[in-house]
Amino acid sequence: AQSVTQLDSHVSVSEGTPVLLRCNYSSSYSPSLFWYVQHPNKGLQLLLKYTSAATLVKGINGFEAEFKKSETSFHLTKPSAHMSDAAEYFCVVSGENFNKFYFGSGTKLNVKP
Amino acid sequence: SQTIHQWPATLVQPVGSPLSLECTVEGTSNPNLYWYRQAAGRGLQLLFYSVGIGQISSEVPQNLSASRPQDRQFILSSKKLLLSDSGFYLCAWTTGRPPLHFGNGTRLTVT
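Residues numbered from 1 in each chain as written. Chains lettered and ligands numbered in written order. Predicted model: local features only at pLDDT ≥ 70, side-chain atom pairs only at ≥ 80, totals over all residues. Heavy atoms only, no water.

Undergrad: An account of the pattern of salt bridges is needed here, citing residue identities and associated values.
TA: Any two side chains of opposite charge can pair if their charged atoms end up close together. Across all of its chains, the model carries six salt bridges over all chains by this definition. In this structure, the salt-bridge partner of A:Lys100 is B:Glu59, at a minimum N-O distance of 3.2 Å. Taken as a pair, A:Lys100 in the loop between strand S10 (87-94) and strand S11 (101-103) and B:Glu59 in the loop between strand S6 (55-58) and strand S7 (65-70) lie in two separate chains rather than in one. Of the residues examined, B:Glu59 reaches a relative accessible area of 30% and is grouped as partly exposed. Of the charged contacts in the structure, one is a salt bridge between B:Asp85 and B:Arg37, with a shortest N-O distance of 3.7 Å. Residue B:Asp85 is found in the loop between strand S8 (73-78) and strand S9 (87-94), and its partner B:Arg37 is found in strand S4 (residues 32-38); the two are separated by 48 residues along the sequence. Overall, B:Asp85 belongs to the buried group, its relative accessible area being 3%. (Salt bridge = Lys/Arg side-chain N within 4 Å of Asp/Glu carboxyl O. Helix = DSSP H or I, 4+ residues; strand = E, 2+ residues; numbered from the N terminus. Buried < 20%, exposed > 50% of the residue type's maximum accessible area, 1.4 Å probe, protein only.)

Undergrad: Residue-level account of the layout of surface pockets, with values.
TA: Computed from the structure, the largest pocket encloses a volume of approximately 430 Å³. Residues that form the lining of the largest pocket fall into these classes: six nonpolar, 10 polar and four charged. The computed volume of the second largest pocket comes to approximately 180 Å³. As for the second largest pocket, its lining consists of 15 residues, and the residues nearest its centre are A:Gly43, A:Leu44, A:Gln45, A:Leu46 and B:Phe102. Sorting the residues of the lining of the second largest pocket by element identifies strand S5 (33-38) and strand S6 (44-50) of chain A together with strand S10 (101-102) of chain B as the ones contributing at least two each. The residue inventory of the lining of the second largest pocket, partitioned by class, reads seven nonpolar, seven polar and one charged. (1 Å grid on protein atoms, 1.4 Å probe; cavity = no way out; pocket = protein on both sides within 12 Å on 5 of 7 lines; lining within 4 Å. Points joined across faces, edges and corners; volume = space filled by probe spheres on them. Nonpolar A, V, L, I, M, F, W, Y, C, P; charged D, E, K, R; others polar.)

Here it is as structure tokens:
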């Protein structure tokens with residue numbers, strides 16, 4: 001069975017400091033993993049995806065994530081937070097036949113000036 | 001390029017009234033289509049998904065139903081809304097492979 005655990009429900013950082021949003025997954029096969037961002041009352045926007053190619057994945061807006069199979073992790077990072085990064089972030093793993101997707105419970109990122 | 005349209009953006013309905021939310025995808029054929037719901041303080045809950053016309057899989061038995069009358073059209077319905085149906089409803093699609101692409105959502109408030 002597939003599952004996703006986002007280890008922090010809320011993360012608060014100061015503008016200009018690094019961001020780390022943690023995600024662990026469980027999968028019985030080689031998964032595809034994704035990070036999405038959601039601003040209030042908006043749909044989810046794809047930040048980046050891992051689909052069994054390079055383990056370090058670069059996404060939009062300066063975000064990147066590293067797939068670590070040994071640790072079953074896919075943490076999202078950004079070197080320097082911007083006020084516009086304040087949003088909710090979701091880690092997602094796809095099902096084996098790609099018909100279903102499993103979402104983490106989300107991490108709300110607060111960026112302080 | 002592909003786009004997804006979801007409407008209305010906001011909706012306020014009384015308890016017991018019917019519901020119809022519509023989602024349309026442009027620029028692709030035979031997409032997989034999904035309806036998700038976000039309730040306040042909760043994550044995303046998959047309600048229905050469809051891999052083809054007339055093929056609907058229900059994930060959570062409840063007061064809602066879905067239909068796919070055309071290849072790129074996905075409709076979420078209810079005959080009688082409950083207070084617990086309030087939430088943010090999101091339509092999404094894939095080509096049959098990841099990733100998911102989301103619409104802008106519909107904020108439904110049942111009063």
